[in-house]
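The chain contents come next:
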Amino acid sequence: MVEIAGSKGYAEKAQRFAADYESVTFEKVHNPVRGFYPGAPAKVLDIGAGTGRDAAALAALGYQVDAVEPTAAMREQGDLHHADAAINWIADSLPQLTLVRASGKQYDLILLTAVWMHLQEQERLPAMQHCAGLLGRNGIMSMSLRHGPVPAERHMFDIPDAETIALARTCGLQLLYKKSYKNDTLGRNDISWSYAVFRK
């Protein structure tokens, strides 16, 4: 698969990123919005799944999980860290999600955890349209949105919450919850996060 711009840097430092991701629990990242997630065995699409930390946690709870991760080195780390998890790995990427859409599946929950910031402006509308199209009726989409300085070597953007919410609304998604948090789970003082949860 051709390397996409948004995945720049992940292959070269996959082990380091894996150590960072796995040092933080699924519960710590998702507890602010867990109450909006449908119960198991709902169908989940984890986009930009990284090492599969969240996908593995959800699979262990009985969810049916497809994990999208474009970087082979990160999927390999996922296999190392979560070899026994019932995860269906898919080598696909935003904004097109070509393989996922071709499957014809619909999902009850879509997770976009620390991934939206990798999309350029012209990619965001098609990405949102495709995510909305993959949600089943009353499906939930949960996003975490990064704010703060961008490392020089990364393909990353500080995207205003208002822009993302407006795009979601344009694509037929209703905002259920939005809140900002100053505390970064990896302890970076200059990075903050917003959570946004939508329903189709």
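Let me begin by describing the structure that accompanies this report. All values reported here derive from a predicted model rather than from experimental measurement. (Residues numbered from 1 in each chain as written. Predicted model: local features only at pLDDT ≥ 70, side-chain atom pairs only at ≥ 80, totals over all residues. Heavy atoms only, no water.)

### A closer look at unusual backbone geometry
For residues besides glycine, phi is generally negative; the peptide bonds are generally trans as well. Residue Pro-41 is bonded to the preceding Ala-40 through a cis peptide linkage, with omega at 10 degrees. Secondary-structure assignment places Pro-41 in the loop between α2 (26-30) and β1 (43-47). Note that the residue after Leu-94, namely Pro-95, is joined by a cis bond; omega there is 5 degrees. Looking at the element boundaries, Pro-95 is found in the loop between β3 (87-90) and α5 (98-103). With a phi close to 55 degrees, Ala-114 is a non-glycine residue in the positive phi region. Using a relative accessible area of 26% as the deciding quantity, one classes Ala-114 as partly exposed. (Helix = DSSP H or I, 4+ residues; strand = E, 2+ residues; numbered from the N terminus. Buried < 20%, exposed > 50% of the residue type's maximum accessible area, 1.4 Å probe, protein only.)

### Description of the environment of Gly-78
Tracing the backbone through its elements, the reader meets Gly-78 in helix α4 (residues 72-81). Taking the relative accessible area as the measure of exposure, Gly-78 reaches 0% and is therefore buried. Residues Gly-78 and Ala-55, spaced 23 residues apart in sequence, show a C-alpha to C-alpha distance of 9.7 Å. Those residues in contact with Gly-78, other than ones at most four positions away along the chain, are Thr-51, Ala-83 and Trp-89. (Contact = heavy atoms within 4.5 Å.)

### Notes on the packing of aromatic side chains
Under the criterion given, the structure shown has one aromatic pair. Plain terms: the ring middles of Phe-36 and Tyr-177 are 5.4 Å apart, the flat faces sit at 45 degrees to each other, and that makes the pair tilted. With Phe-36 in the loop between α2 and β1 and Tyr-177 in strand β6 (residues 174-181), this residue pair connects regions lying 141 residues apart in the sequence. The partly exposed category is assigned to Phe-36, whose relative accessible area is 30%. (Phe/Tyr/Trp six-rings, centres within 6.5 Å; stacked < 30°, edge-to-face > 60°.)

### Notes on the state of the cysteines
A full pass over the atoms with the stated rule returns zero disulfides. Among the cysteines around Cys-131, which has no disulfide bond, Cys-171 carries the closest sulfur, lying 9.0 Å off. (Disulfide = S-S within 2.5 Å.)

### Looking at the sheet that holds strand β5 (residues 135-147)
Ordered in space as β3-β2-β1-β4-β5-β7-β6, the seven strands form an open sheet in which the pairing is mixed. Taken across any chain shown, the strands that pair with only one partner, and hence form the sheet edges, are β3 and β6. Pairwise comparison of adjacent strand axes, ignoring direction, gives a mean angle of 15 degrees for this sheet. One ladder, built from four bridges, connects strand β2 (residues 64-68) with β3; its direction is parallel. If you follow Ala-67 over to β3, its bridge partner there is Trp-89. (Pairing = 2+ DSSP bridges. Axes fitted to C-alpha atoms, helices over the stretch in contact; angles between N-to-C directions.)

### Section: the pairing of strand β4 (residues 107-113)
Of all seven residues in β4, six are buried; the element is thus mostly enclosed. The pairing of β4 with β5 spans six bridges and is parallel. For Leu-109, the partnering residue across the bridge sits in β5 and is Ile-140. Each parallel crossover has a hand, and for β4 linked through helix α6 (residues 121-134) to β5 it is right-handed. (Right-handed = clockwise from strand over helix to strand, strands pointing away.)

### Notes on the nonpolar core
Soluble globular proteins tend to pack their nonpolar side chains together in the buried interior. Counting residues in each nonpolar core, the largest one holds 30 residues, and the members touching the most others are Leu-94, Ile-110, Leu-112, Trp-116, Met-128 and Met-141. Residue assignment for this core shows that the elements contributing at least two residues are β1, β4, α6, β5, α7 (161-170) and β7 (192-199). Considering each element in turn, this core owes the most residues, five residues, to α6. If near-sequence neighbours (up to four positions away) are discounted, Leu-112 is found in contact with Ile-47, Leu-94, Cys-131, Met-141, Ser-142, Met-143 and Ser-144. Residues Phe-26, Ala-42, Ala-59 and Val-197 belong to the second largest nonpolar core, which totals 22 residues. (Core = buried A, V, L, I, M, F, W, Y, C linked by side-chain atoms within 4.5 Å.)

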